[in-house]
Amino acid sequence: MEIAKIGVVGAGQMGNGIAHVFALAGYKVLLNDISQDSLDNAIKVIEGNLDRQVSREKITAEARADALANISTTLKLPDLGPTDLIIEAATERETVKTAIFEDLLPHLEPHTILTSNTSSISITRLASRTDRPEKFMGFHFMNPVPIMQLVELIRGIATDKPTYETCLGVVEKLGKTAASAEDFPAFIVNRILMPMINEAVYTLYEGVGSVKSIDESLKLGANHPMGPLELADFIGLDTCLAIMNVLHDGLADTKYRPCPLLTKYVEAGWLGRKSQRGFYDYRKDPPVPTR
Ligand SMILES: CC(=O)CC(=O)SCCNC(=O)CCNC(=O)[C@H](O)C(C)(C)COP(=O)(O)OP(=O)(O)OC[C@H]1O[C@@H](n2cnc3c(N)ncnc32)[C@H](O)[C@@H]1OP(=O)(O)O
Ligand SMILES: NC(=O)C1=CN([C@@H]2O[C@H](COP(=O)(O)OP(=O)(O)OC[C@H]3O[C@@H](n4cnc5c(N)ncnc54)[C@H](OP(=O)(O)O)[C@@H]3O)[C@@H](O)[C@H]2O)C=CC1
């Protein structure tokens with residue numbers, strides 16, 4: 001199936017990255033959010049990231065201009081009706097995602113493929129709340145989207161072969177690499193990555209190391225590009241906690257118990273970089289550890 005028009009729901013850090021890479025690959029993108037501020041901020045971030053790509057000679061100034069011309073924004077979800085593929089990238093909460101799909105349904109074309117960028121939530125369950133579970137998939141980008149090569153493709157129990165193959169073709173056109181994952185809590189990347197981040201928070205909670213020593217240990221001792229606490233702040237501590245809760249509830253194993261300190265940071269509204277404070281305080285330059 002020919003995919004030309006993309007709808008992206010949620011203009012946070014993932015939504016803006018997804019809009020960026022689709023627009024650069026020549027797709028028309030309509031980006032939706034519930035807040036005009038988030039839409040305005042997304043365009044600013046995309047412009048900044050495209051500028052950086054031009055200055056590093058990864059793309060031409062003409063490609064930058066074409067990409068920006070391919071992106072429009074809307075506060076009205078029904079405007080996404082006439083698109084070919086929708087990627088939902090709103091907050092990692094099942095009720096939010098389900099409400100978005102239910103609101104979209106009356107406005108969709110029969111051929112439109114629905115996907116979610118969820119980090120952890122059951123694709124089969126999200127699909128079952130729509131009128132097209134066979135045309136529903138997990139389309140999971142990694143952060144930062146313009147840089148990370150992987151897209152996890154997750155089929156729900158009802159997803160049909162043409163839908164999977166269409167999404168695979170789209171990933172190839174984006175110049176990225178797809179990995180196929182079965183629909184179990186948190187799929188592959190987060191099934192492995194998030195327990196490591198949670199363990200790093202336990203390591204901090206139990207006083208085994210400070211924020212600085214934990215991050216330096218994994219950077220210098222295991223060659224990770226970011227320490228696990230720095231990475232948790234980068235992903236968003238609310239998202240990390242939501243993923244741990246899905247693993248804990250979905251697999252019913254105490255090894256996935258979210259660290260109480262992670263819960264406390266989220267309760268405080270210290271969500272990491274996006275709220276300026278998490279395991280580091282980003283209001284200072286360079287950022288200062290908060291413990
Ligand atoms: C939670 C989930 O559901 C799944 C997930 O996404 S898990 C998270 C997966 N992501 C990771 O693990 C990221 C780990 N971190 C890294 O790989 C690196 O630290 C990083 C790529 C983010 C930055 O790398 P760095 O070497 O410190 O910085 P820097 O040299 O400035 O940047 C490297 C590249 O990233 C780009 N970049 C950095 N931050 C960026 C951002 N926020 N958005 C877009 N591009 C960015 C830079 O422009 C640069 O691009 P080029 O190589 O094309 O020139
Ligand atoms: N962060 C990461 O590293 C990764 C995240 N993901 C997944 O991507 C999704 C988005 O995450 P991320 O971008 O980090 O989150 P953010 O918090 O940065 O962005 C979420 C955006 O969705 C908006 N939103 C909330 N409800 C609605 C709605 N009903 N309709 C439209 N927009 C809405 C929010 O608006 P407002 O701010 O006004 O609430 C916000 O702008 C999640 O499912 C997450 O698990 C996947 C891979 C990596």
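Residues numbered from 1 in each chain as written. Chains lettered and ligands numbered in written order. Predicted model: local features only at pLDDT ≥ 70, side-chain atom pairs only at ≥ 80, totals over all residues. Heavy atoms only, no water.

1. Concerning the site of ligand 2
Phase 1: The environment of ligand 2 is formed by 26 residues, the closest being Asp 33, Glu 92, Lys 97, Ser 119 and Ile 235.
Phase 2: Lys 274 is positioned such that a nitrogen or oxygen atom in its side chain is 3.0 Å from an oxygen atom of ligand 2.
Phase 3: Coverage of ligand 2 by the protein chains reaches 82% of its 900 Å² of free accessible surface.
Phase 4: Elements that contribute at least two residues to the shell around ligand 2 include exactly helix H1 (13–24), helix H4 (94–104) and strand E6 (136–141).
Phase 5: Looking at the shell around ligand 2 element by element, the count peaks at three residues for H4.
Phase 6: Its residues assigned to classes, the shell around ligand 2 comprises nine nonpolar, 13 polar and four charged.
Phase 7: Here the shell around ligand 2 gathers at least three residues from each of two domains, domain 1 (5–182) and domain 2 (190–289). (Near = heavy atom within 4 Å. Polar contact = N/O pair within 3.5 Å; in protein donor to acceptor, adjacent residues only side chain to side chain. Areas by Shrake-Rupley, 256 points an atom, 1.4 Å probe, with all protein chains shown as cover. Helix = DSSP H or I, 4+ residues; strand = E, 2+ residues; numbered from the N terminus. Nonpolar A, V, L, I, M, F, W, Y, C, P; charged D, E, K, R; others polar. Domains from an automatic or database assignment.)

2. A short note on the packing of helix H2 (residues 36–55) against helix H3 (residues 61–69)
Phase 1: Closest axis-to-axis distance for the H2/H3 pair is 9 Å, and the angle between their directions is 160°. On the basis of their axis angle, the class for H2 and H3 is roughly antiparallel. Read as a crossing pair, H2 and H3 show a hand that is right-handed. In contact with Ile 46, Glu 47, Leu 50, Asp 51 and Val 54 of H2, H3 contributes Ala 61, Arg 64, Ala 67 and Leu 68.
Phase 2: Counted by class, the contact of H2 with H3 contains six nonpolar, no polar and three charged residues. (Axes fitted to C-alpha atoms, helices over the stretch in contact; angles between N-to-C directions. Parallel < 35°, antiparallel > 145°, perpendicular 65-115°, else oblique. Left-handed = near helix turned anticlockwise from the far one by under 90°. Contact = heavy atoms within 4.5 Å.)

3. With respect to the environment of Tyr 265
Phase 1: As for its position among the elements, Tyr 265 is in helix H11 (residues 260–267).
Phase 2: When the C-alpha positions of Tyr 265 and Leu 241 are compared, they lie 9.8 Å apart, and in sequence the two are 24 residues distant.
Phase 3: Sequence-distant contacts of Tyr 265, that is, excluding residues within four places in its chain, are made with Leu 237, Trp 270, Gly 278, Phe 279, Thr 290 and Arg 291.

4. Re the domain arrangement of the chain
Phase 1: Segmenting the chain into domains produces domain 1 (5–182) and domain 2 (190–289).
Phase 2: Inter-centroid distance (C-alpha atoms) of domain 1 to domain 2 is 26 Å.
Phase 3: Taken together, the eight residues of domain 1 in the interface contact seven residues of domain 2.
Phase 4: Between domain 1 and domain 2, roughly 660 Å² of surface is buried when both sides are summed, and carbon and sulfur atoms account for 56% of that area.
Phase 5: Here domain 1 and domain 2 share zero salt bridges between them.
Phase 6: Taken together, domain 1 and domain 2 are joined by three residue pairs in polar contact (both at pLDDT 80 or more).
Phase 7: Of the residues contributing to the side of domain 1 that touches domain 2, the split by class is two nonpolar, five polar and one charged. (Buried area = accessible area lost by both parts, 1.4 Å probe. Salt bridge = Lys/Arg side-chain N within 4 Å of Asp/Glu carboxyl O.)

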